[in-house]
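Architecture at a glance
In case you want the letters, here they are:
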Amino acid sequence: CYKKISEHFNSKIIFLTKKTTQAKDYLNNLDFCEEVIYLDEPKKGVYNFINHLKSFFENLKKINATNCNKCFIFHPSLRFLLMAKISKIKNLWCLGYKFQNFFLSKERKIYNNFFSEAIPNDEETLEFVKKITNEKKIIFKPLESLNKNEQDTVGIIIAASGYEKRWPISNYIQIIDYLTTKSFKKFLIISGLDQSNNEEQIKNFFIKKRDVEIIFTSQKKIVHVIPLLKKCIFCIGNDTGFSHLSINYGLNTFIIYGDCPPQYYSDKIIQIDIPENIKRSKNCISSIEINDVLFKVKNFLDIRGGRVV
């Protein structure tokens with residue numbers, strides 16, 4: 001979607017976002033990105049009024065320093081909209097969600113009024129970009145072309161923002177074990193800082209299989225993980241940032257969905273969703289059986305004659 005905006009206006013984009021997104025690590029070197037600027041985040045709490053006010057004007061200074069004449073707000077926050085409103089930027093587009101709606105003309109938002117229902121998942125961003133660019137359809141394009149000769153690894157993405165998105169590690173171990181029988185010997189385990197114990201579980205299971213090479217990433221920075229991700233043939237993982245980054249590098253990726261419904265923005269997404277008779281909840285991901293995933297993996301490999309290149 002950002003790439004489409006860049007192409008439409010024939011201009012590179014300056015991204016303003018939270019530091020927690022670590023956007024500099026994966027956006028800085030892309031041809032449509034001019035710069036990534038991290039916004040100041042005030043401490044949470046009702047009584048931090050002075051801190052919030054200071055943060056507001058610090059961010060306003062950062063916005064004005066860009067000297068941009070157009071701004072697109074993909075976040076439902078009223079705070080971000082007000083910052084942009086009182087900045088020097090003249091042309092402003094925003095989602096128009098809830099209280100944002102009162103500050104925008106009909107032509108510069110996608111929600112009609114305060115009571116409009118939220119558009120689910122990635123469709124909100126797609127609809128917004130369609131309106132900005134006046135396009136009927138936004139075609140998915142990978143961020144870059146990868147070197148197939150260097151792809152020799154299977155990505156296993158166990159990282160996730162919360163337990164409700166984490167499929168059991170014991171299941172992932174079975175998936176890796178199955179793939180070793182299909183001549184896959186090199187695996188990249190993409191995990192979070194709090195998952196060193198999960199890495200140990202995987203390491204202990206495969207420690208006697210000397211022909212299997214496993215790379216762990218819980219102690220690595222995103223900027224060091226990305227080159228390893230680009231060497232993957234395909235990935236299997238939770239519904240998390242790295243799985244979608246994998247998709248955006250053009251890798252076929254099995255995404256295991258739980259509390260959030262599947263996304264459809266690319267045919268590179270191989271969806272593994274909860275059974276139809278199960279209601280979405282914080283624990284529903286546990287309803288996805290190992291055989292549900294193995295079936296799709298086997299089918300994927302069979303269609304491509306075994307090893308995927």
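Before reading on, note that the structure itself is shown above.
Overview of the structure. (Residues numbered from 1 in each chain as written. Predicted model: local features only at pLDDT ≥ 70, side-chain atom pairs only at ≥ 80, totals over all residues. Heavy atoms only, no water.)

**Re the pairing of strand β5 (residues 153-157)**
Keep this limit in mind: Throughout, exposure labels follow a simple rule: accessible area from a 1.4 Å probe, protein chains only, divided by the maximum for the residue type, with under 20% read as buried, over 50% as exposed, and the rest as partly exposed. Helix and strand definitions here come from DSSP, where helices need a minimum of 4 consecutive H or I residues and strands a minimum of 2 consecutive E residues; each element is numbered from the N-terminal end. Strands qualify as paired when DSSP identifies two bridges or more between them. Orient the strands so they point away from the viewer; a crossover is then right-handed if the path from the first strand over the helix to the second runs clockwise.
Taken across its five residues, β5 has five buried, putting it largely inside the fold. Covered by surrounding structure in β5 are Thr153, Gly155 and Ile157 together with Val154 and Ile156, the residues of both alternating faces. Of the pairings in the sheet, the one linking β5 to strand β8 (residues 232-238) comprises five bridges and is parallel in character. Bridge assignment links Thr153 to a residue of β8, and that residue is Cys232. Pairing of β5 with strand β6 (residues 186-190) involves four bridges; the strand directions are parallel. Its bridge partner being in β6, Gly155 is matched across the sheet by Leu188. As a crossover connection, the stretch from β5 through helix α6 (residues 169-180) into β6 is right-handed.

**Describing the packing of aromatic side chains**
Applied cut-off: Stacked, tilted and edge-to-face pairs are distinguished by plane angle, under 30 degrees for stacked and over 60 for edge-to-face with tilted covering the rest, among Phe, Tyr and Trp rings (Trp via its six-membered ring) whose centres lie within 6.5 Å. Our definition puts a charge over a ring when NZ of Lys or CZ of Arg is within 6 Å of the ring centre and also within 35 degrees of the ring normal.
All told, the structure shown has 20 aromatic pairs when counted by the stated rule. Ring geometry for Tyr2 versus Phe15: centroids 5.1 Å apart, planes at 75°, classification edge-to-face. Highlighted residues: Tyr2 in helix α1 (residues 2-9) and Phe15 in strand β1 (residues 13-17), separated in sequence by 13 residues. Here the aromatic rings of Phe184 and Phe234 are separated by 5.6 Å at their centres, their planes lie at 85°, and the arrangement is edge-to-face. Of this pair, Phe184 sits in the loop between α6 and β6 while Phe234 sits in strand β8, placing them 50 residues apart in sequence. Positioned above the aromatic ring of Trp93 is the side chain of Arg108, whose terminal nitrogen or guanidinium carbon lies 4.1 Å from the ring centre.

**A look at the side chain of Asn252**
The line we're drawing: Throughout, a residue-residue contact means that at least one pair of heavy atoms, one from each residue, lies within 4.5 Å.
Of note, Asn252 is situated in the loop between α9 (241-248) and β9 (253-256). Sequence-distant contacts of Asn252, defined by excluding residues within four places in its chain, comprise Phe234, Cys235, Lys268, Ile270 and Phe300.

**Focus: helix α8 (residues 222-229)**
Operational definition: Summarising the geometry, the arc corresponds to the directions from the helix axis toward the C-beta atoms.
Buried within α8 we find Ile222, Val225, Ile226 and Leu229. Buried residues in α8, looked at end-on, bunch into an arc of 110°, giving them a common side. Along its buried surface, α8 packs onto α2 (24-27), β6, β8 and α9.

**Here we look at the environment of Cys1**
When you line up the elements, Cys1 lands in the segment before α1. A relative accessible area of 31% means that Cys1 is categorised as partly exposed. For the pair Cys1 and Val129, spaced 128 residues apart in the sequence, the C-alpha separation amounts to 6.4 Å. Look past the residues within four positions of Cys1 in its chain and what remains in contact with it is Thr125, Leu126 and Val129.

**Description of the pattern of salt bridges**
Close approach of charged atoms lets side chains of opposite charge pair. Note the threshold: By salt bridge we mean one thing: a side-chain nitrogen of Lys or Arg within 4 Å of a carboxyl oxygen of Asp or Glu.
Enumeration over the complete set of coordinates arrives at 12 salt bridges. A salt bridge links Asp152 to Lys186, with the shortest nitrogen-to-oxygen separation between them at 3.6 Å. Residue Asp152 is located in the loop between α5 (123-133) and β5, and its partner Lys186 is located in strand β6; the two are separated by 34 residues in the primary sequence. A salt bridge links Lys165 to Asp259, with the shortest nitrogen-to-oxygen separation between them at 3.3 Å. With a gap of 94 residues between them, Lys165 in the loop between β5 and α6 and Asp259 in the loop between β9 and β10 (269-272) connect regions that are remote in the sequence. We classify Lys165 as buried; its relative accessible area is 13%. Sharing partners across several salt bridges, the network here consists of Lys165, Asp239 and Asp259.

No statement about biological role is implied by the geometric values presented.
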